[in-house]
Each structure stands twice: as C-alpha cells, then as structure tokens.
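Remarks on the overall topology
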Amino acid sequence: EGNAAFRSGRLSDAMSKYENALSVFQFLENTNPNWKTEGIKDQFLHEVEYSGKDEDERKELKRFLASCYNNVALASYKMKDYSLAVKACDYAISVDRRNH
C-alpha cells in the first residue's frame, strides 16, 4: 500500500504506511497500569523491538526493516524533509550493514 501511494504521488500517505509497518516491530510500551489517571510518564515507557524467532526470520526482518527505512528516506527526500531522510538512511544502515 505504501509503494502504491508513493507511485501515485501521495507521499504523506506512503510515509504513514511505511511508519505503520515499522511500528509493528518497534514500539513503546507503557507499563504503568494507572496511566489513564496518572498520565504517561517516561519512567514507565519501554522500547519493545521484535527481532525474529530464528535466524531465517531475523534475516528477513532485517531486509524488511531496511526496505521500510529506505522508503521513508526516499519519501522524506521528495518532501524536502532532508533531516528525516538522513535519519532514515542511518536507521536502514544500522539495521542492515549491507545497506550502504
């Protein structure tokens, strides 16, 4: 869906799709059961990152994440958000070193 949006020039929609895909595997979890009454506090936020159940899945996930970050980088570049484009490239390289 993200690539189709990108091809049709709907860059914001494409970015949303790529970011949603990334958020399935990397997200913040709030561990405070009382957050609704106490608010969200940094000390209760923990980063959760799925890394795969076996070596084959880890390799596939690395390729997928690198591809998503590359897509974010390209869409950001086209939207003239050069700072985000560079960050997305850096993330793509950090996920998969062959991505340089």
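Procedures and definitions
Residues numbered from 1 in each chain as written. Predicted model: local features only at pLDDT ≥ 70, side-chain atom pairs only at ≥ 80, totals over all residues. Heavy atoms only, no water. Helix = DSSP H or I, 4+ residues; strand = E, 2+ residues; numbered from the N terminus. Polar contact = N/O pair within 3.5 Å; in protein donor to acceptor, adjacent residues only side chain to side chain. Expected span 1.5 Å × (residues − 1). Buried < 20%, exposed > 50% of the residue type's maximum accessible area, 1.4 Å probe, protein only. Patch = residues over 30% accessible without salt bridge, like charges linked within 9 Å, V, L, I, M, F, W, Y side chains within 5 Å. Areas by Shrake-Rupley, 256 points an atom, 1.4 Å probe, with all protein chains shown as cover. Salt bridge = Lys/Arg side-chain N within 4 Å of Asp/Glu carboxyl O. Arc of directions from axis to C-beta. Contact = heavy atoms within 4.5 Å.

Overview of the side chain of Gln26
- Residue placement: Gln26 occurs in strand S1 (residues 26-30).
- Of note is the side chain of Gln26, whose polar atom sits 3.5 Å from the side chain of Glu49.
- Side-chain polar atoms of Gln26 contact the side chain of Tyr69, separated by 2.7 Å.

Here we look at helix H4 (residues 55-78)
- With 24 residues, H4 ought to run about 34 Å at 1.5 Å a step, and its terminal C-alpha atoms sit 35 Å apart, in line with that.
- Of all the residues in H4, the buried ones are Leu61, Leu65, Ala66, Cys68, Tyr69, Val72, Ala73, Ala75 and Ser76.
- N-capping of H4 is provided by Asp54, with a side-chain oxygen placed 3.2 Å from the backbone N of Asp56.
- Just downstream of H4, Lys80 is the residue with a positive phi angle, here 65°.

With respect to a nonpolar patch on the surface
- On the surface, Leu74, Tyr77 and Tyr82 cluster together into a nonpolar patch covering about 330 Å² of accessible area.
- Residue position: Tyr82 is located in helix H5 (residues 82-95).

A closer look at helix H2 (residues 11-23)
- A rise of 1.5 Å per residue sets the reference length of H2, with its 13 residues, at 18 Å; its end C-alpha atoms lie 18 Å apart and thus fit the reference within 8%.
- Looking only at H2, the buried set comprises Leu11, Ala14, Met15, Tyr18, Ala21 and Leu22. Projected onto a plane normal to the axis of H2, the buried residues spread over an arc of 125° and lie on a single side.
- The inward-facing, buried residues of H2 contact helix H1 (2-7), S1, H4 and H5.

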